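Listed here are the chains, written in short residue letters.
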Amino acid sequence: MRKWRLLTVLLAALAVTGLLMATLWISGAGKCVTYDETVLQGDASAFAGVTIRTRNQMREYVNWETEYRPGTGETPETKMRYRRGDWQYRGEAIFSVRTPLLPMTNGAVEGVADEMVRDVASRAPADVQEYQERVRAADYYDVFPMQYVFDECNNVARGQSWKLNELLQIPVPEDLTLLVSIYFYGHPNHARYNCTIDAAEGTVPELGVSFAKQESKNGGVYWFTLDCSLPGNGTLDTSRISGGTGIFRFDTAENTAETVYPFPAETKICDLWLSEDESTLYLLRSLSGVHTLTALSVPDMTETQVLTLPTAVDAALTTPYRRDGLLLVPATDGTLLVLTRNADNTYTLEKQMNAADDPALTQTDYMEPWEQITADYWDGRLALVRLQFADGDITQDMDLVISVYAEDGARSTMESRCSLGQDNDPELMFREYHHTNYPPIQPAWTDPVQVEIDRNEIE
């Protein structure tokens, strides 16, 4: 009993210590979160009627909720709570198609490329610890060996029997070569070794995947596309895919996989997603310079809308922002399309604007746009807010870049630096990040920033 009481006291002391450390951490920042504004383009008056709500946290001890009106000079309103946070990260669905023959897909070699690796290793001289050899992939494989990563992929009962293996039969190009590197452990007769496969040359596809998932009682239904295009022009041979290329439907509960909406293999897919009610599947794509947004009813795949987008023929669509019925489609020529979703799940094109070099639209490779950018559109005005997430300086993670587009398309942009990062020691912040892999103060895991344009008439 005495040991139990002692443990209870120790745990309580640790909790108190955590709160005391939290208090020390924010001694410089204080209760009120402020933003230091620098107008980069336009005028501060253009931000009238825009409200930004931010959520930041320190570990799980301190949470800040701030309401901030840029350009007004008003002091932001902040609520700060000392408590364990409830802003936990919500895991997203996972689906990817990989192969060890294409190093950029990060496919694991073990168990998939064993035949080729064993053959290369057998030719290594007995006295070497490392051995490399370039080989022709088609000498070992008729079709690409595939690996799939999705939420249910470790289902032991099915093992390697997923129907995806039968559906995605893609022949290996005759000119694809690979550099196989063997690293021996020093065991007798080279019995054990590691290997890598890289430096692919010749016809090297990308195999990019776009997908959406519907949860089901005993698994999930994945709708996905596979980019079979090649650098420059051309596509992989997809003639062995039953039903052809297009949108595929993979049901993990029923273990079925099929093509449900075919289209040419040279189609460039920008994005694929489901409506919130899961009754409509959207496909954003380009083919021969024509860019379209297609709405398909689920599950019969009937077209309910095919909207041709006015993006230039020689421009490419880039990853869109989509949330709460708003769809922003940027392109490589600097144009930005603003679309809003209707009650019947079709979209209306509201306007096309010049967003070239807008820092609020800068995208980070390792994050989706909706994880980093938030937006609102109302009555011809568009507001964009992006978290900085500056490489090498975690004190900037909570800083904002804000752009507002007027009805005539004129843009005003400002940078707003958050006091939570600026009032703390960068070296201490980095040291904590180095030891824990998490910055001590950071944006909340979910909904760190929201922006809203006042729906009332602005005088």
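Right above here is the structure, for reference.
About the cut-offs
- Residues numbered from 1 in each chain as written.
- Predicted model: local features only at pLDDT ≥ 70, side-chain atom pairs only at ≥ 80, totals over all residues.
- Heavy atoms only, no water.
- Pairing = 2+ DSSP bridges.
- Helix = DSSP H or I, 4+ residues; strand = E, 2+ residues; numbered from the N terminus.
- Axes fitted to C-alpha atoms, helices over the stretch in contact; angles between N-to-C directions.
- Buried < 20%, exposed > 50% of the residue type's maximum accessible area, 1.4 Å probe, protein only.
- Arc of directions from axis to C-beta.
- Contact = heavy atoms within 4.5 Å.
- Core = buried A, V, L, I, M, F, W, Y, C linked by side-chain atoms within 4.5 Å.
- 1 Å grid on protein atoms, 1.4 Å probe; cavity = no way out; pocket = protein on both sides within 12 Å on 5 of 7 lines; lining within 4 Å.
- Points joined across faces, edges and corners; volume = space filled by probe spheres on them.
- Nonpolar A, V, L, I, M, F, W, Y, C, P; charged D, E, K, R; others polar.

Enquirer: Got a sec to walk through the sheet that holds strand 20 (residues 335-341)? Specific residues and values, please.
Expert: Overall, antiparallel pairing links the 4 strands, which are arranged 18-19-20-21 in an open sheet. The open sheet terminates on both sides in strands that have one partner only, identified here as strand 18 (321-323) and strand 21 (347-354). Neighbouring strand axes in the sheet, compared pairwise and without regard to direction, differ in orientation by 15 degrees on average. With 3 bridges connecting them, strand 18 and strand 19 (residues 326-330) associate as antiparallel partners. Considered in strand 19, the bridge of Arg322 is made with Leu327.

Enquirer: How would you summarise the sheet that holds strand 10 (residues 209-216) if you had to cite specific residues and measurements?
Expert: Across the sheet, 4 strands lie side by side as 10-11-12-13; this open sheet has antiparallel pairing. The open sheet has two edge strands, strand 10 and strand 13 (256-262), and neither has a second partner. Going from strand to strand, the sheet's axes swing by 20 degrees on average, the running direction of each strand aside. Bridge analysis of strand 11 (residues 219-226) against strand 12 (residues 246-251) gives 4 bridges, and the strand direction is antiparallel. Residue Tyr222 lies in a different strand from strand 12, and its bridge partner there is Phe250.

Enquirer: I'd love a proper account of helix 2 (residues 114-122), names of residues and values included.
Expert: Helical geometry: 3.6 residues make up each α-helical turn, so side chains three or four residues apart lie on a common side. Within helix 2, the full set of buried residues consists of Met116, Val117, Val120 and Ala121. Buried positions in helix 2, seen along its axis, are confined to an arc of 130 degrees and lie on one side of it. Looking at the packing, one finds that the buried side of helix 2 touches strand 6 (130-136), strand 8 (177-184) and strand 9 (193-201).

Enquirer: Got a sec to walk through the nonpolar core? Specific residues and values, please.
Expert: Counting 42 residues, the largest nonpolar core has Met116, Phe144, Leu168 and Ile170 as its most contacted members. Each residue touching Leu168, except ones within four places of it in the same chain, is listed here: Val97, Met146, Tyr148, Phe224, Leu226, Ile241 and Phe248. In terms of nonpolar packing, the next biggest core, distinct from the first, is built from 25 residues, Tyr35, Val404, Ile441 and Val449 among them.

Enquirer: Any details on the side chain of Ser419? Residues and values, ideally.
Expert: Within the secondary structure, Ser419 is located in helix 5 (residues 419-422). Classification of Ser419 by relative accessible area gives buried; the value is 6%. Ignoring anything within four residues of it in the chain, the contact list for Ser419 reads Cys32, Val33 and Thr34.

Enquirer: Give me the pairing of strand 12: which residues, what numbers.
Expert: Of all the 6 residues making up strand 12, 6 are buried; the element is thus mostly covered by neighbouring parts of the structure. Bridge count between strand 12 and strand 13: 6 bridges; the pairing is antiparallel. If you follow Arg249 over to strand 13, its bridge partner there is Glu258. Turn length for the strand 12-strand 13 hairpin, with the two strands adjacent in sequence and antiparallel, is 4 residues, and the turn residue Asn255 shows positive phi of about 55 degrees.

Enquirer: Before we move on, can you summarise empty space enclosed by the protein with the specific residues and values?
Expert: For the structure shown, the criterion picks out 3 cavities of 30 Å³ or more. Of the volumes computed, that of the largest cavity is approximately 80 Å³. Every residue lining the largest cavity is counted, 11 residues in all, and those nearest its centre are Gln372, Ile373, Thr374, Pro448 and Val449. Of all the elements, helix 4 (residues 369-372) adds the most residues to the lining of the largest cavity, at 3 residues. Here the lining of the largest cavity is built from residues that sort into 6 nonpolar, 2 polar and 3 charged. The computed volume of the second largest cavity comes to approximately 50 Å³.

Read these as layout, nothing more, since geometry by itself doesn't imply function.
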